[in-house]
Amino acid sequence: MRMQLPIAVCFVMGAVMLAQYFVPHAWSQELNRRVYDWMLLIGVFALVLGVASLVKLHWQRAVRRQGDWKYSIVALVALFGMTAVGVIEGHRQPAKQIVKSKLSEYSAEASYERNGMVVMLSAENIAAKSILKGDRLQLPKADGSFFEGKIVEEPTDEAAAEDAPPVVRVQVDKWRNGDPPVQGDSFAIRRPGLDVFLWLFENVQVPLDATMFSLLAFFIASAAFRAFRARNIEAALLLISACVVILGLTPPFIHWWNSAFGFADSLQGFPSEAKDWVLEVPNLAARRAIVLGVGLGALAQSFRIILGIEQTYLGGDE
Amino acid sequence: MKSVLRHTLRWAGLLVLFAGVWSGSVCHAQTAIESADDNAVTEDDAQNDSGQGLESTITFDESVTEFTAEDITLYTLYSSSSVKNVRAADVPNDDSGKGLDVVWEYEGEPSESLVGFHILRRADAPGSSLEKITAEPLPPTARDYRDASAAPARKDPLFTREKAVPYIYAVQEVYEASAVNSAESAPAAARSNWFHTGRSWLLAAALLFCGTLVVLTYRSREGDPPRIRRIDGLEAVEEAIGRSAEMDKPILYIAGIGSVQQMATIASINIFSHVIKTAAEHATRIMVPCYDPIVMQVMRTVGEQTYQSIGRPDLYDPDNIFFVTESQFAYAAGVDGIIVREEPAAIFLQGVFYAESLILAETGHSVGAIQIAGTDRDAQLPFFIAACDYTLIGEELFAASAYLSQDAPLLSAIRAQDVAKAVLMILMIVGVVMALFGSPDLADIFKVEM
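Here the structure is a predicted model, which means the values were calculated and not measured.

S.K.: Looking at this structure, how should I read the overall build of chain A?
M.R.: Looking only at helices and strands, one finds 8 helices and 6 strands in chain A. Ordered by position in the sequence, the α and β elements of chain A form the string α-α-α-β-β-β-β-α-β-β-α-α-α-α. Counting over 318 residues, chain A shows a buried share of 16%. Sequence-distant contacts, at least 24 apart, represent 58% of the contacts inside chain A between residues at least 6 apart.

Here it is, written out as structure tokens:
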């Protein structure tokens, strides 16, 4: 019974969710949504167990003074510190208004950045130094809503020196349809309150992540050095392919090639063409074969589990 | 000639309307259309002829600038729409949330004065009147329109939908100075569909594959066990665990950073079941740092069951299967630290991996561990091949459980996989041959909407 019940649940849920994919009816979509909600709930409960496991592991290591126990202290302090900041602070402190002025000039740049459009505006009676990157601008519209955005570049004193109002670059993140702001519109610049949680995330977590990611470059170099030793025919082919791709992606080499073989039109751009051929013909063919095998393998495994043929994931004797 | 007449009539329509507004009421006027009553053109005739039949019966007096209401009625009657065959239908393969599709044909001559089309709609109920539902005219090239507003509202808390209202549509031709309505469509209502017809081929293929798998499994139980080729990476599992036991060093099992919904993670859990069983038999410590807490719980259950099944529950320590973090590079840093501190003799990297794959594999290589990797991410395979001793490539990851157990029903699933692969290869060859001879693209025939 201990094995049969999970297998029965797995069969029913597997079959139902498989059928659900082919049924676009509203009831079917509703079922799908609910199952995903259940998964989220299970995930939250599992996270509690996961954190408990993490705390227990490091606590024991710290208490027993096991090897490198100081790292465990760091892990626990980071875990509880971030949790405490998040719980105590709740949300950032109220924003403080630092500038209130009227718009003297406005222009929208043609470029769109990741989170919205960047606009440039200038105004009288504001000191460039009083505005910092990260401040938020609010420009009320006639309908009561706001153009709102984050200042992405601190205004320089150059404009002030020329006796012109400072220009403020603002990344508008709540761009809505409507008339653009016009000269004379009043606006405010507010400085968000200190968000310790966000500050810690942006100044500790993000740089550490970037550091780990950057290690990849060195690992690629060391792995490539070992992999590209021509010990047999296959390794030699790999080495040649790698050289073709690397050289085809290296602008100085391409420039040199085009200069050296400038007399022959047919040889112009050959490194790039060779690189493209390697990537798009033999490489792509092999990748497609792997992807096809993965798809069939995943399908076969799904049916094995749904039909109860595969029970290994339950542990114990198969 | 017909085109000239039609354009003339449209411009006349503008003049008529302008004159009507100007005078504020019916004006004294001379008729511009001579002998219209005598010709006795009915509304049906006008619809059928699209106004083209007026060529021989209507003349236009450009000197006349004032028209009566009767003239306007007659003009509207004769200048029937060039939009024909307006049809409305439910958007297929949805939960009725996409509304209705309206399609029409335009039989008029190309004209610069045609601004576009407005869509008019009314409920299929007595007394309802057509209302414009497009804010701006659709472009003159448009021949269809999806009316999402015809979708019935969502119903909470069940999140299903209200009963759909049947609608009737018409298309209005918009010219620079006039507009003409088409005939109305038949009523249509959005509805929830019970089968996604765009996925029929996928269903057929899945059922065929499932059927093949069941038949082969049944046959294998009758004494026809399949054989599969040797997979070096899986042959090395015993060797790696034995090495750990001999060196008295732990085994590190990394199940990747996938969630439990991903098949590669489930395949990894299956492999883990075999690895931990062998490790338990050798009384070797196995450490499992987890990225996903749900995966951690599943692996703990598998571990506990396995130790119980071999009669050594005393050796099982749940703390060896622990959660690290759900942050990708923090996880990589944490596992790298474990590798450097614990110096495991064997490292298994099985499951879903992304950019951290090489960071982990190279660190494992630096401590001299024997490494067996496997993933379904084709982009990460080169890294594993370069840095690990053995790599399970793609489908080998999913075949591992069957291979390690040598269980006949499980092996038969791999045979079903090979049958499917053979069928696909044949279809590819047929597709290439068909393409060479200019036949329809096979991919279009078996098209599936995802």
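Read on, since the account is not over.
S.K.: How do you make sense of the overall build of chain B when you look at a structure like this?
M.R.: Summing up its helical and strand segments, chain B has 14 helices and 15 strands in all. Within chain B, the fraction of its 450 residues that count as buried is 42%. In chain B, the proportion of contacts linking residues at least 24 apart, taken out of those at least 6 apart, comes to 71%.

S.K.: Would you take a moment to explain the interface of chain B and chain A for this structure?
M.R.: Interface size is often expressed as the accessible area that is lost when the parts come together. The interface is formed by 70 residues belonging to chain B together with 58 residues belonging to chain A. The element that contributes the greatest number of residues to the side of chain B that touches chain A is helix α8 (residues 293-309) of chain B, accounting for 12 residues. A breakdown of the residues in the side of chain B that touches chain A according to their chemical character gives 37 nonpolar, 20 polar and 13 charged.

S.K.: In this structure, what is going on with helix α9 (residues 328-342) of chain B? I would like to understand it.
M.R.: Because each turn of an α-helix spans 3.6 residues, side chains separated by three or four positions in sequence point in the same direction. Residues and elements named next belong to chain B. End to end, α9 covers 21 Å across 15 residues, agreeing with the expected 21 Å (1.5 Å per residue, within 8%). Those residues of α9 not exposed but buried are F329, Y331, A332, A333, V335 and I339. Looking at the residues trailing α9, positive phi occurs at E343, about 45 degrees.

S.K.: Is there a simple way to explain the pairing of strand β15 (residues 390-393) of chain B in this structure?
M.R.: Side chains on a regular strand alternate between the two faces of the sheet. Residues and elements named next belong to chain B. Burial of β15 is two-sided: the residues Y390 and L392 facing one way and the residues T391 and I393 facing the other way are all buried. As defined by bridge partners, strand β14 (residues 370-375) adjoins β15 across 4 bridges and the pair is classed as parallel. In the strand pairing of β15, I372 is matched with Y390. Assessed by its sense of winding, the connection that carries the chain from β14 through helix α11 (residues 381-387) to β15 is right-handed.

S.K.: I would appreciate a short explanation of the sheet that holds strand β11 (residues 286-290) of chain B in the present structure.
M.R.: In a beta sheet, neighbouring strands pair by backbone hydrogen bonds and run either parallel or antiparallel. All names here are of chain B. Ordered in space as β12-β11-β10-β13-β14-β15, the 6 strands form an open sheet in which the pairing is parallel. Sheet topology places β12 (321-323) and β15 at the edges, where each strand pairs with a single neighbour. Between one strand axis and the next, the sheet turns by 15 degrees as a mean value, whatever way the strands run. Across 2 bridges, the pairing between strand β10 (residues 251-256) and β11 is parallel. Paired with I251 across the strands is I286, a residue of β11. On the sheet, helix α10 (residues 356-366) packs against β10, β13 (346-352) and β14 and is oriented at approximately 165 degrees with respect to β14.

S.K.: Honestly, the environment of V260(B) in this entry has me stumped. Any pointers?
M.R.: All names here are of chain B. Here V260 shows up in the loop between β10 and α7 (263-281). Residue classification places V260 among the buried residues on the basis of 21 C-beta atoms within 10 Å. The spatial distance from the C-alpha of V260 to the C-alpha of I294 is 6.8 Å, given a sequence separation of 34 residues. With near-sequence residues (within four places) excluded, V260 lies in contact with T265, D292, I294, V295 and V298.

S.K.: Help me understand the nonpolar core in this model?
M.R.: Grouped burial of nonpolar side chains is what soluble globular proteins tend to show. All names here are of chain B. Core analysis: the biggest nonpolar cluster contains 97 residues, and Y253, C290, M299 and L349 have the highest contact counts within it. Ranked by the residues each element gives to this core, the list is headed by α7, at 11 residues. Residues within four places of L349 in sequence aside, it is in contact with I254, L360, A361, Q371, A373, F384 and C388. Core analysis: the second largest hydrophobic core is formed by 21 residues, V83, V86, V91 and I119 among them.

S.K.: Before we go on, may I ask you to explain the confidence of the model for chain A in this structure?
M.R.: Fine structural detail should not be taken from predicted coordinates in areas where pLDDT scores are low. Per-residue confidence for chain A gives a mean pLDDT of 82, with 78% of residues at or over 70. Across residues 110-115 of chain A, where pLDDT falls below 50, the model places 6 contacts with residues more than four positions away in sequence or in other chains.

S.K.: I keep staring at unusual backbone geometry and nothing clicks. Help me out?
M.R.: Excluding glycine, most residues fall at negative phi; most peptide bonds, likewise, are trans. In this model, D68(A) sits at a positive phi of 55 degrees, which is unusual for a non-glycine residue. You can see D68(A) is positioned in the loop between α2 (26-63) and α3 (69-89). Classification of D68(A) as exposed rests on a count of 10 C-beta atoms within 10 Å. The backbone of E343(B) sits at a positive phi, close to 45 degrees, despite the residue not being glycine. Topologically, E343(B) is positioned in the loop between α9 and β13.

S.K.: What am I meant to see in the sheet that holds strand β2 (residues 100-106) of chain B here?
M.R.: All names here are of chain B. If you walk across this open sheet you meet the 3 strands as β1-β2-β5, and the pairing is antiparallel. The outermost strands of the open sheet, each flanked by one partner alone, are β1 (83-90) and β5 (144-147). For this sheet, the mean angle separating the axes of adjacent strands, direction not counted, is 15 degrees. Note: β1 against β2, 6 bridges, orientation antiparallel. By the bridge assignment for β2, A88 is matched with V102.

S.K.: Looking at this structure, how should I read the pairing of β14(B)?
M.R.: All names here are of chain B. Across the 6 residues that make up β14, a large majority, 6, are buried. Burial of β14 is two-sided: the residues I370, I372 and G374 facing one way and the residues Q371, A373 and T375 facing the other way are all buried. Bridge count for β13 against β14 is 6 bridges, and the pairing is parallel. Within the sheet, the bridge partner assigned to I347 lies in β14 and is Q371. Handedness of the β-α-β unit built from β13, α10 and β14 comes out right-handed.

S.K.: Looking at this model, I keep getting lost on the confidence of the model for chain B. Mind explaining?
M.R.: Residue and element names in this part refer to chain B. Chain-level pLDDT for chain B is 82 on average; 82% of the residues reach the 70-or-more range. No element of chain B has a lower mean pLDDT than helix α2 (residues 36-39), at 35, and none a higher one than β13, at 97. Contacts from residues 12-64, a stretch scored under 50 in pLDDT, to residues over four places away or in other chains number 65 contacts.

S.K.: Is there a simple way to explain the environment of A75(A) in this structure?
M.R.: In this structure, A75(A) sits in helix α3. Expressed as a C-alpha distance, the spacing of A75(A) and S53(A), which sit 22 residues apart in the sequence, is 13 Å.

S.K.: Looking at this structure, how should I read the packing of helix α6 (residues 232-247) of chain B against helix α12 (residues 395-405) of chain B?
M.R.: In a pair of packed helices, the angle between the axes and the distance between the axes together describe the arrangement. All names here are of chain B. Between α6 and α12, the least distance of the axes is 10 Å, while the angle of their chain directions is 50 degrees. Of the possible angle classes, the one that applies to α6 and α12 is oblique. With respect to the hand of their crossing, α6 and α12 are arranged in right-handed fashion. Each of G233, L234 and V237 in α6 lies in contact with α12, whose residues at this interface are E396, A400, Y403 and L404. Broken down by class, the residue content of the contact of α6 with α12 amounts to 5 nonpolar, 1 polar and 1 charged.

S.K.: Whenever I open this one, the environment of G233(B) confuses me. Can you help?
M.R.: Residue and element names in this part refer to chain B. You can see G233 is positioned in helix α6. Classification of G233 as buried rests on a count of 21 C-beta atoms within 10 Å. In this structure the C-alpha to C-alpha distance between G233 and S192, which are 41 residues apart in sequence, comes to 49 Å. Apart from the residues within four sequence positions on either side, G233 is in contact with I372, G374, Y390, T391, L392 and E396.

Conventions adopted
- As a convention, each chain's residues are numbered from 1 in the sequence order in which they are written.
- To read the labels, note that chains go from A and ligands from 1, taken in the order they are written.
- This being a predicted model, a pLDDT of at least 70 is required before a residue's local features are given, and a value of 80 or more before pairs of side-chain atoms are given or counted; all residues contribute to the totals for chains, interfaces and linings.
- The helix count covers DSSP runs of H or I at least four residues long, the strand count covers runs of E at least two residues long, and both are numbered beginning at the N terminus.
- Each residue is classed by its C-beta neighbour count within 10 Å, where at least 20 other C-beta atoms makes it buried, 12 or fewer makes it exposed, and intermediate counts make it partly exposed; the C-beta atoms are placed from backbone geometry.
- The contact rule is simple: place each C-beta atom from the backbone, and if two of them lie within 7 Å, those residues are in contact.
- Here the nonpolar group is Ala, Val, Leu, Ile, Met, Phe, Trp, Tyr, Cys and Pro; Asp, Glu, Lys and Arg are the charged ones; every other residue, Gly included, is treated as polar.
- Expected helix span is computed as 1.5 Å times (number of residues minus one).
- Two strands qualify as a pair provided that DSSP identifies no fewer than 2 bridges between them.
- Crossovers are marked right-handed if the path from the first strand over the helix to the second runs clockwise, as seen with the strands pointing away from the viewer.
- Angles here are taken between N-to-C directions and fall from 0 to 180 degrees, while the axes themselves are lines fitted to C-alpha atoms, restricted in helices to the stretch in contact.
- Note on terminology: a nonpolar core is any set of buried Ala, Val, Leu, Ile, Met, Phe, Trp, Tyr and Cys residues joined through C-beta atoms within 7 Å.
- For every residue, the pLDDT score states the predictor's confidence, bounded by 0 at the bottom and 100 at the top.
- When describing relative orientation, an angle under 35 degrees is termed roughly parallel and one over 145 degrees roughly antiparallel, while 65 to 115 degrees is termed roughly perpendicular and anything else oblique.
- It is the rotation of the near helix from the far one that decides the hand of a crossing: anticlockwise by less than a right angle makes it left-handed, clockwise makes it right-handed.

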